[in-house]
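The primary structure of each chain is shown beneath.
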Amino acid sequence: MATQVNDMGPFDAVIHNAGIGYYGRSRVETEDGLSDVFAVNVLAPYLLTALVTPPERLIYLSSGMHHSGDTTLRDPQWTRRPWQGSQAYSESKLYLTALAMAVARRWPSTLSNAVDPGWVPTKMGGSSATDDLQAAPVTQAWLAAGDDSAARVTGSYFHHQQPRTPHPATRSRELQDRLLEYCAGLSQVGFPVG
């Protein structure tokens, strides 16, 4: 997929919106033996970021649940811990937010931000979700194409076009670098220097 994207030329913006939730009762494994939650929510955006010609802007869809993630990066594949789907999801979104912050730090010419679209009534969010479905995509579109100074920032975390404070660990250089190293080890694709 990265080759196809690169063949189309550099993009103005890439929004990493793919994700899977946490409703499974047990850990689901990919062909490579990885937790599907980690593979889709973290490793796939890492790989695309590393392999695609850097766009002007990158937006990563996180979640307010990232605040509950374990920051130790111990057992991110859930092979030693009993499966807890909501915790695995929270951790995947914590790592994804840390990835957005790492890209902002390492690639200063690319605007990289994370977005919490809110708890919205989708297949993933469920019918009891309380946030506004119409407002959910506005922030990522604004960060992808907005020309005002508030949209032309990097290393931020947003909810409904407002900067919010992410989990402090997502700004930790140590966690960012460990995450990049971990993803590089899993994928055999190093993170390029910006």
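Data block above holds the structure.
Residues numbered from 1 in each chain as written. Predicted model: local features only at pLDDT ≥ 70, side-chain atom pairs only at ≥ 80, totals over all residues. Heavy atoms only, no water.

(A) Summary view of the nonpolar core. Of all hydrophobic cores here, the largest spans 30 residues; its most connected members are Tyr-46, Leu-99 and Leu-179. Elements with a contribution of two residues or more to this core: helix H2 (36-51), strand S2 (57-61), helix H3 (85-106) and helix H5 (173-187). Examining the composition of this core, we find that nine residues originate from one element, H3, more than from any other. If near-sequence neighbours (up to four positions away) are discounted, Leu-99 is found in contact with Val-42, Pro-45, Tyr-46, Tyr-60, Leu-179 and Leu-180. Leu-61, Val-115, Leu-143 and Ala-144 belong to the second-largest nonpolar core, a separate cluster that totals eight residues. (Core = buried A, V, L, I, M, F, W, Y, C linked by side-chain atoms within 4.5 Å. Buried < 20%, exposed > 50% of the residue type's maximum accessible area, 1.4 Å probe, protein only. Helix = DSSP H or I, 4+ residues; strand = E, 2+ residues; numbered from the N terminus. Contact = heavy atoms within 4.5 Å.)

(B) Fine view of the sheet that holds strand S4 (residues 156-159). Within the open sheet, the five strands sit side by side as S1-S2-S3-S4-S5. Their pairing is mixed. Two strands in the sheet have a free side with no partner beyond their single neighbour: strand S1 (13-16) and strand S5 (162-164). Across the sheet, the mean angle from the axis of one strand to that of its neighbour is 30°, orientation sign disregarded. With four bridges joining them, S1 and S2 adopt parallel strand pairing. (Pairing = 2+ DSSP bridges. Axes fitted to C-alpha atoms, helices over the stretch in contact; angles between N-to-C directions.)

(C) Focus on unusual backbone geometry. Positive phi values are uncommon outside glycine, yet Leu-73 reaches one of about 55°. You can see Leu-73 is positioned in the loop between S2 and H3. Positive phi, normally seen in glycine, also occurs at Asp-75, with a value near 60°. Tracing the backbone through its elements, the reader meets Asp-75 in the loop between S2 and H3. Residue class for Asp-75 comes out buried when judged on its relative accessible area of 4%.

(D) Local environment of the pattern of salt bridges. Applying the stated criterion across every chain yields a total of 10 salt bridges. Glu-56 is paired through a salt bridge with Arg-152; the nearest N and O atoms lie 3.0 Å apart. Separated by 96 residues along the polypeptide, Glu-56 in the loop between H2 and S2 and Arg-152 in the loop between helix H4 (138-145) and S4 bring together distant segments of the chain. Here Arg-81 and Glu-91 are joined by a salt bridge, their closest N and O atoms 2.9 Å apart. Here the residue Arg-81 occupies a position in the loop between S2 and H3, and Glu-91 occupies one in helix H3, the gap between them amounting to 10 residues. Glu-91 matches Arg-81 in its accessibility class, with the two residues each being buried. Salt bridges sharing common partners tie together Asp-75, Arg-80, Arg-81 and Glu-91. (Salt bridge = Lys/Arg side-chain N within 4 Å of Asp/Glu carboxyl O.)

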